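As a plain string of letters, each chain reads:
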Amino acid sequence: TAAPNVIFTSPANAATGVAINQKIAATFSEGMNPSSLDAAFTVTGPGATSVTGTVAYDVPSNIATFTPAANLATNTAVTATLTTGARDLDGNGLASNFTWSFTTGATADTTAPTVVSTNPADTATGVPINKKVTATFSEAMDSSTISAASLTMVGPGATPVSGNVTYAAVGTTATFTPVSNFAANTAYTATITTAVRDLASNALA
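In this report, the structure presented in the accompanying data block is examined. (Residues numbered from 1 in each chain as written. Predicted model: local features only at pLDDT ≥ 70, side-chain atom pairs only at ≥ 80, totals over all residues. Heavy atoms only, no water.)

## Quick word on the packing of aromatic side chains
Inference 1: What the rule picks out here adds up to 4 aromatic pairs.
Inference 2: Look at phenylalanine 98 and tryptophan 100: their rings are 5.6 Å apart centre to centre, the planes differ by 50°, and that puts the pair in the tilted class.
Inference 3: Relative accessible area serves as the criterion here: at 28%, phenylalanine 98 is assigned to the partly exposed category.
Inference 4: The class of tryptophan 100 is buried, set by a relative accessible area of 1%.
Inference 5: Three or more aromatic residues joined by ring pairs form one cluster here, namely Phe41, Phe66, Phe98 and Trp100. (Phe/Tyr/Trp six-rings, centres within 6.5 Å; stacked < 30°, edge-to-face > 60°. Buried < 20%, exposed > 50% of the residue type's maximum accessible area, 1.4 Å probe, protein only.)

Now the structure itself:
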């Protein structure tokens, strides 16, 4: 019977200079009912002017993303709201409306994201066979583009490794969790494809 919470947003509350082509994302504390989010996720700006857009929900990462139908207005205060109509899988709504605001800049984001670190590091040896594999990005990413299709792992002879892929908005980190232990004393290669995109829809270069 516990109410879900919003634990992270992108852009952050009070952020400034936000790209006018950025999507707006919120991470929940637990799995949500996707059908409850369409009407519950609203965006306004300037003032009380509604921003038209669509809402998508990424199940593995518990992230709802609002994609504006057109670029946001420049140098404008924008307010995003998740109402108590947003419900978890047990039907519990947010305890109260969750609202955050940010200010746009004058330009769109056209810079490709990068992978800034991995764990294990490239060419690492002696990696534990039950290790999860992570990659951290240079900026907030569109979680719907990070999946087992865009983050892949292969072993000996290019044999695919089965695993589950999740994305944590806090820390901008993608995690590949193998369904079973890696083979001992064996080389593996992880690949992140250009299908992965940031919240402005820029792909890896």
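Still more to cover.
## Side note on the sheet that holds strand β8 (residues 115-119)
Inference 1: Here 4 strands make up an open sheet; going across it, the order is β8-β9-β12-β11 and the pairing antiparallel. Edge positions in the sheet fall to β8 and β11 (163-168), since each has one partner strand and no second. Here the strands of the sheet are splayed against their neighbours by 15° on average, with no regard to which way each runs.
Inference 2: Examined bridge by bridge, β11 and strand β12 (residues 173-178) share 6 bridges and lie antiparallel to one another. Residue pairing across strands places tyrosine 167 opposite alanine 174, the latter belonging to β12. (Pairing = 2+ DSSP bridges. Helix = DSSP H or I, 4+ residues; strand = E, 2+ residues; numbered from the N terminus. Axes fitted to C-alpha atoms, helices over the stretch in contact; angles between N-to-C directions.)

## A short note on the sheet that holds strand β1 (residues 6-10)
Inference 1: Ordered in space as β1-β2-β5-β4, the 4 strands form an open sheet in which the pairing is antiparallel. Strand pairing shows two members of the sheet lacking a second neighbour, β1 and β4 (53-58), which therefore form its edges. Taking each pair of neighbouring strands and ignoring which way they run, the sheet shows an average axis angle of 20°.
Inference 2: Here β1 pairs with strand β2 (residues 24-28) via 4 bridges, running antiparallel. From the neighbouring strand, phenylalanine 8 faces β2, where its bridge partner is threonine 27.

## Description of the pattern of salt bridges
Inference 1: Within the structure shown, the criterion is met by 1 salt bridge.
Inference 2: The salt bridge involving lysine 23 is made with aspartate 142; its shortest N-O contact spans 2.7 Å. Of the two residues, lysine 23 is situated in the loop between β1 and β2 and aspartate 142 in the loop between β9 (133-137) and β10 (151-154); the sequence distance between them amounts to 119 residues. A single burial state applies to lysine 23 and to aspartate 142, both of which are buried. (Salt bridge = Lys/Arg side-chain N within 4 Å of Asp/Glu carboxyl O.)

## With respect to the pairing of strand β6 (residues 77-82)
Inference 1: Pairing analysis gives 4 bridges linking strand β3 (residues 41-44) to β6, with the strands arranged antiparallel. Each bridged residue has a counterpart across the sheet, and for valine 43 the counterpart in β6 is alanine 80.
Inference 2: Pairing of β6 with strand β7 (residues 98-103) involves 6 bridges; the strand directions are antiparallel. By the bridge assignment, valine 78 is partnered in β7 with phenylalanine 102.

## A look at the nonpolar core
In summary, soluble globular proteins display a tendency toward joint burial of nonpolar side chains.
Inference 1: Grouped together as the largest cluster of nonpolar side chains are 23 residues, with contacts concentrated most on Ile24, Phe28, Leu37, Phe41, Val43, Leu82 and Trp100.
Inference 2: For this core, the secondary structure elements donating two or more residues are β2, α1 (37-40), β3, β4, β5 (63-68), β6 and β7.
Inference 3: When neighbours within four sequence positions are excluded, valine 43 is seen to be in contact with Ile24, Thr49, Ser50, Val51, Phe66, Val78, Thr79 and Ala80.
Inference 4: Counting 17 residues, the second largest nonpolar core, distinct from the first, contains Ala25, Leu151, Tyr167 and Ala174. (Core = buried A, V, L, I, M, F, W, Y, C linked by side-chain atoms within 4.5 Å. Contact = heavy atoms within 4.5 Å.)

## Section: the environment of leucine 89
Inference 1: Following the sequence through the fold, leucine 89 ends up in the loop between β6 and β7.
Inference 2: Judged by relative accessible area, leucine 89 falls into the exposed class, the value being 64%.
Inference 3: Taking the C-alpha atoms as reference, leucine 89 lies 8.8 Å from proline 34; in sequence the two are 55 residues apart.
Inference 4: Among residues more than four places away in sequence, those in contact with leucine 89 are Gly31, Met32 and Asn33.

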